[in-house]
Amino acid sequence: MAEVTGVRAQIAIRVRYFAAARAAAGTEEEVVHLSAGSTLADLVATLSGRGLELDRVLQRCSYLCDSFAVRDPQTVIESGQTVDVLPPFAGG
């Protein structure tokens, strides 16, 4: 992990919410700051800590990182990336 004068470096991730995730988050998008070396699981845990409804929705979501599906929650995310939060959609 990167260190800057004894403090872990921070990364900025753009998070975009869709459908039920947008409603639960109360916003369409935001920038989330995490420690360098953070994973998708770390991001989801940070977001889940904001409330029970958001946590419930996030547990059922799929995630895209810079438009590519991320299936492994231990995938490291980098500063400047965009993570899309996609709840299951009904219909077809």
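Look above for the structure.
Keep in mind that this is a model prediction, so the values were computed, not measured. (Residues numbered from 1 in each chain as written. Predicted model: local features only at pLDDT ≥ 70, side-chain atom pairs only at ≥ 80, totals over all residues. Heavy atoms only, no water.)

A look at the overall build of the chain
Right, so step 1: Counting secondary structure elements, the chain contains 3 helices and 7 strands.
Right, so step 2: Along the chain direction, N to C, the helices and strands of the chain fall in the order β-β-β-α-β-α-α-β-β-β.
Right, so step 3: Sequence-distant contacts, at least 24 apart, represent 56% of the contacts inside the chain between residues at least 6 apart.
Right, so step 4: Within the structure as shown, the chain displays about 5400 Å² of accessible surface, and the carbon and sulfur contribution to it stands at 54%. (Helix = DSSP H or I, 4+ residues; strand = E, 2+ residues; numbered from the N terminus. Contact = heavy atoms within 4.5 Å. Areas by Shrake-Rupley, 256 points an atom, 1.4 Å probe, with all protein chains shown as cover.)

Points about the side chain of aspartate 84
Right, so step 1: Secondary-structure assignment places aspartate 84 in strand E7 (residues 82-86).
Right, so step 2: Here the side chain of aspartate 84 touches arginine 16 through a polar contact of 2.6 Å, side chain to side chain.
Right, so step 3: With residues near it in sequence (within four places) discarded, aspartate 84 still touches Arg16, Phe18, Ser62, Tyr63 and Leu64. (Polar contact = N/O pair within 3.5 Å; in protein donor to acceptor, adjacent residues only side chain to side chain.)

Quick look at the pairing of E7
Right, so step 1: Here E7 lies mainly inside the structure; 4 of its 5 residues are buried.
Right, so step 2: Summarising the sheet, strand E5 (residues 62-65) and E7 pair through 4 bridges and their orientation is antiparallel. Within the sheet, the bridge partner assigned to tyrosine 63 lies in E7 and is valine 85. (Buried < 20%, exposed > 50% of the residue type's maximum accessible area, 1.4 Å probe, protein only. Pairing = 2+ DSSP bridges.)

Brief notes about the sheet that holds strand E3 (residues 10-17)
Right, so step 1: Taken in spatial order, the 5 strands line up as E4-E3-E7-E5-E6 in an open sheet, and their pairing is mixed. For this open sheet the edge positions go to strand E4 (29-35) and strand E6 (68-70), each flanked by a neighbour on one side alone. Sheet twist, expressed as the mean angle between neighbouring strand axes with direction ignored, is 35°. (Axes fitted to C-alpha atoms, helices over the stretch in contact; angles between N-to-C directions.)

Digging into the environment of leucine 64
Right, so step 1: Tracing the backbone through its elements, the reader meets leucine 64 in strand E5.
Right, so step 2: On the basis of relative accessibility, which here comes to 23%, the residue leucine 64 falls in the partly exposed class.
Right, so step 3: Along the backbone, leucine 64 and valine 85 are 21 residues apart, and their C-alpha atoms lie at a distance of 6.9 Å.
Right, so step 4: Apart from residues lying up to four places away in sequence, leucine 64 is in contact with Ala69, Val70, Thr82, Val83, Asp84 and Leu86.

Some words on the nonpolar core
Right, so step 1: Ranked by internal contacts, the top residues of the largest apolar core, which has 23 residues, are Ile13, Val15, Leu43, Leu47, Tyr63 and Val85.
Right, so step 2: For this core, the elements supplying multiple residues, two or more each, are E3, E4, helix H2 (40-48), helix H3 (52-58), E5 and E7.
Right, so step 3: Aside from chain neighbours lying at most four places away, what touches valine 15 is Glu28, Glu29, Glu30, Val32, Leu43, Leu47, Val83 and Val85. (Core = buried A, V, L, I, M, F, W, Y, C linked by side-chain atoms within 4.5 Å.)

Notes on the pattern of salt bridges
Right, so step 1: Under the criterion given, the structure shown has 4 salt bridges.
Right, so step 2: When the shortest N-O distance is used, the salt bridge between glutamate 30 and arginine 50 registers 2.6 Å. Taken together, the residues span a long stretch of sequence, with glutamate 30 in strand E4 and arginine 50 in the loop between H2 and H3 at a distance of 20 residues.
Right, so step 3: Given a relative accessible area of 46%, arginine 50 falls into the partly exposed group.
Right, so step 4: Across the pair arginine 56 and glutamate 53 runs a salt bridge whose closest N-O atoms are separated by 2.4 Å. (Salt bridge = Lys/Arg side-chain N within 4 Å of Asp/Glu carboxyl O.)

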